[in-house]
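# Structural overview for review
Spelled out from the first residue to the last, the chains are:
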Amino acid sequence: LLAGKPDGAFLIRESSKKGCYACSVVICFLSSINVSVTSWLLVLRRVDGEVKHCVIHSTPRGFGFAEPYNLYGSLKELVLHYRQTSLVQHNDSLNVRLTYPVYAQMPSVCR
């Protein structure tokens, strides 16, 4: 579902850890190449995104990523916060915001 999506595309699903959720988010990296022999000219190009996963803990007081938890009353509140704030405070490799929600299509009901 996240293949080919832009930096910050994400989805939240139930985790394999009981009582938790998982957040999967696309992180795109930029790389540089030298394109001039006489002088350095930096050209940034997008490298296909990597999908990273993190656990969202559900506690009686709310939802959060890691201890010490920044707790939010709902998953929606958590997402709205991390739409503006990078996840890097929880993991150095997660320098991304939850920008583009990706919705899974629900399977059709068999009759």
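The structure contained in this document is the topic of the report that follows. Everything quoted here is computed from the prediction, not taken from an experiment.

Cut-offs applied
Residues numbered from 1 in each chain as written. Predicted model: local features only at pLDDT ≥ 70, side-chain atom pairs only at ≥ 80, totals over all residues. Heavy atoms only, no water. Core = buried A, V, L, I, M, F, W, Y, C linked by side-chain atoms within 4.5 Å. Buried < 20%, exposed > 50% of the residue type's maximum accessible area, 1.4 Å probe, protein only. Helix = DSSP H or I, 4+ residues; strand = E, 2+ residues; numbered from the N terminus. Contact = heavy atoms within 4.5 Å. Phe/Tyr/Trp six-rings, centres within 6.5 Å; stacked < 30°, edge-to-face > 60°. Arc of directions from axis to C-beta. Salt bridge = Lys/Arg side-chain N within 4 Å of Asp/Glu carboxyl O. Polar contact = N/O pair within 3.5 Å; in protein donor to acceptor, adjacent residues only side chain to side chain.

### Brief notes about the nonpolar core
If you look at the biggest cluster of nonpolar residues, it comprises 16 residues, and the most contacted ones within it are Val25, Phe65, Leu78, Tyr82, Leu87 and Leu98. Sorting the residues of this core by element identifies β2 (20–34), β3 (42–59) and α1 (75–84) as the ones contributing at least two each. The residues touching Phe65, leaving out its near neighbours within four places in the chain, are Cys23, Cys54, Val55, Ile56, His57, Leu78, Tyr82, Leu87 and His90. Residues Leu2, Leu11, Val26 and Val102 belong to the second largest nonpolar core, which totals 6 residues.

### Concerning the packing of aromatic side chains
The tally for this structure, following the rule as stated, stands at 3 aromatic pairs. Relative to Tyr82, the ring of Tyr72 has its centre 6.0 Å away and its plane inclined at 75°; by these criteria the two rings are edge-to-face. Taken together, the residues span a long stretch of sequence, with Tyr72 in the loop between β4 (62–64) and α1 and Tyr82 in helix α1 at a distance of 10 residues. Judged on exposure class, the residue Tyr72 and its partner Tyr82 are both buried. Pairwise contacts between aromatic rings join Phe65, Tyr72 and Tyr82 into one cluster.

### With respect to α1
Every buried residue belonging to α1 is among Leu78, Val79 and Tyr82, and all of these are buried. When α1 is viewed along its axis, its buried side chains cluster within an angular range of 95° and face the same direction. Set apart from the buried face of α1 by more than 90 degrees, the exposed residues are Lys76 and Gln84.

### Comments concerning the pattern of salt bridges
In total, this model carries 1 salt bridge according to the counting rule given. Glu50 is the partner of Lys52 in a salt bridge, and the nearest nitrogen-oxygen pair spans 3.3 Å. On the accessibility criterion, Lys52 (21% relative accessible area) is partly exposed.

### Side note on the side chain of Ser86
When you line up the elements, Ser86 lands in the loop between α1 and β5 (100–101). At 3.3 Å, the side chain of Ser86 forms a polar contact with the backbone nitrogen of Val96. Once residues lying within four places of it in the same chain are set aside, the contact partners of Ser86 are Leu94, Asn95, Val96 and Arg97.

### Overview of the environment of Phe65
Looking at where Phe65 falls in the secondary structure, it is placed in the loop between β4 and α1. Separated by 11 residues in sequence, Phe65 and Cys54 have C-alpha atoms that sit 7.3 Å apart.

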